[in-house]
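In case you want the letters, here they are:
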Amino acid sequence: MQLELFDWEPRKRCPRCTQVLLLDAFYTANDKADKASAYCMPCTVLNNKERYKNKKDTYTQRIARNQKARPHLLTATSAKRRARKLKATPSWLTSQHHDEIKAIYKEAKDLERLTGVAYHVDHIMPLINRYLCGLHVPWNLRAIPASENMSKSNRITEECFT
């Protein structure tokens, strides 16, 4: 007689994609009995993107209202970022390096003016990350579209290691 092996890992069905997946495929939700959110991770991401797209105007209005109501928080956040950049700028940078950094910021402004699309100066290796922290040096900077930079956030991408 052959023994059948059963997979006793707990599973759950995602109501959106109707797949039955292991609980590892769901975000944790402490308010649920099985400690897993209702939708699987990919479906949750899609739901959030759709919700943002449908309510983008509401979100931007709320942000503008909050910035108007509490400008001191915006100032504090900006000051904190500037201080972080100063700490991440090594003392051994030469004036030529500082000129290169200024040129990258100028390039971003020029691209923005030419294309009409907002550009940011991105730190390839983020200044703050859970595992690694980059420096504010010319070889760690690049001008990219703002949407790409904001979607990247503080994540480390493969470009960091090339």
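If you're wondering where the values come from, they're calculated on a predicted model, not measured in any experiment.

Engineer: Teacher, can you tell me more about unusual backbone geometry here?
Structural biologist: It is generally the case that most residues other than glycine have a negative phi and that most peptide bonds are trans. Unlike most non-glycine residues, Thr-18 shows phi in positive territory, near 60°. Tracing the backbone through its elements, the reader meets Thr-18 in the loop between strand E1 (11-13) and strand E2 (20-22). Although it is not a glycine, Lys-35 adopts a positive phi angle of roughly 60°. Owing to a relative accessible area of 44%, Lys-35 belongs among the partly exposed residues under this scheme.

Engineer: Teacher, can you tell me more about the packing of aromatic side chains here?
Structural biologist: Geometrically, a pair of aromatic rings is defined through the distance of the ring centres and the angle of the planes. Applying the stated criterion to the full structure yields two aromatic pairs. With a centroid separation of 5.6 Å and an interplanar angle of 15°, the aromatic rings of Tyr-52 and Tyr-59 are classed as stacked. A relative accessible area of 23% places Tyr-59 in the partly exposed class. Aromatic pair Trp-92 and Trp-139: ring centres 6.2 Å apart, planes at 10°, arrangement stacked. Taken as a pair, Trp-92 in the loop between helix H3 (71-88) and helix H4 (95-115) and Trp-139 in the loop between strand E5 (119-123) and strand E6 (141-145) lie far apart in primary sequence, 47 residues in all. One cation-aromatic arrangement involves Lys-12 over Phe-26; the distance from NZ or CZ to the ring centre is 5.6 Å.

The rules behind each value
- Residues numbered from 1 in each chain as written.
- Predicted model: local features only at pLDDT ≥ 70, side-chain atom pairs only at ≥ 80, totals over all residues.
- Heavy atoms only, no water.
- Helix = DSSP H or I, 4+ residues; strand = E, 2+ residues; numbered from the N terminus.
- Buried < 20%, exposed > 50% of the residue type's maximum accessible area, 1.4 Å probe, protein only.
- Phe/Tyr/Trp six-rings, centres within 6.5 Å; stacked < 30°, edge-to-face > 60°.
- Lys NZ or Arg CZ within 6 Å of the ring centre and 35° of its normal.

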